[in-house]
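Coordinate inspection notes
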Amino acid sequence: MAISEEQVQHVAKLAKLSFSKEELHQFTDQLDEIITMVETLNEVDTTGVAFTSNVTEEFNVIREDVATDGFDREELMKNVPESEDGFIKVPAIIDNGEAGA
């Protein structure tokens, strides 16, 4: 399965990225190599191979999940540069799908 420059350009647009023609060609080649490698791996017969979720004996040590009291809202709001109606006011980051947000 080959990936086209149009497909790469479409995904880039969805991610709000823009590439020069050279970059688009380079990324298309790289993604095509990755897809080819994954397709090759899919051809490997793994019948009888045990599922491996972790290749080492190490595991994450996670603290016990215990509910604790939260912080005082007024104390927290002292560090906020701008607030409105008791909430932290931040710049808008969503632009209703328009490019160049």
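These notes cover the structure that comes with them. On a predicted model such as this, the values are computed, not experimentally measured, just so you know.

Considering a nonpolar patch on the surface
Residues Leu-31, Ile-34, Met-37, Val-38, Leu-41 and Val-44 make up a contiguous nonpolar surface patch of roughly 530 Å² in combined accessible area. Mapped onto the fold, Leu-31 is located in helix H2 (residues 21-42). Classification of Leu-31 as partly exposed rests on a relative accessible area of 34%.

So, the pattern of salt bridges
On inspection of all chains with the given rule, the structure shows three salt bridges. With a shortest N-O distance of 3.3 Å, Lys-78 and Glu-75 are connected by a salt bridge. Of the residues examined, Lys-78 reaches a relative accessible area of 62% and is grouped as exposed. Using a relative accessible area of 46% as the deciding quantity, one classes Glu-75 as partly exposed. A salt bridge links Lys-89 to Glu-82; the nearest nitrogen and oxygen atoms lie 3.7 Å apart.

Thoughts on the packing of helix H1 (residues 5-14) against H2
At a minimum axis distance of 9 Å, the contact between H1 and H2 shows a crossing angle of 105°. Here H1 lies roughly perpendicular to H2, going by the angle between them. Packed against H1, whose contacting residues are Glu-5, Val-8 and Gln-9, the element H2 presents Leu-24, His-25, Phe-27, Thr-28 and Leu-31 at the interface.

Definitions and limits used
- Residues numbered from 1 in each chain as written.
- Predicted model: local features only at pLDDT ≥ 70, side-chain atom pairs only at ≥ 80, totals over all residues.
- Heavy atoms only, no water.
- Patch = residues over 30% accessible without salt bridge, like charges linked within 9 Å, V, L, I, M, F, W, Y side chains within 5 Å.
- Areas by Shrake-Rupley, 256 points an atom, 1.4 Å probe, with all protein chains shown as cover.
- Salt bridge = Lys/Arg side-chain N within 4 Å of Asp/Glu carboxyl O.
- Helix = DSSP H or I, 4+ residues; strand = E, 2+ residues; numbered from the N terminus.
- Buried < 20%, exposed > 50% of the residue type's maximum accessible area, 1.4 Å probe, protein only.
- Axes fitted to C-alpha atoms, helices over the stretch in contact; angles between N-to-C directions.
- Parallel < 35°, antiparallel > 145°, perpendicular 65-115°, else oblique.
- Contact = heavy atoms within 4.5 Å.

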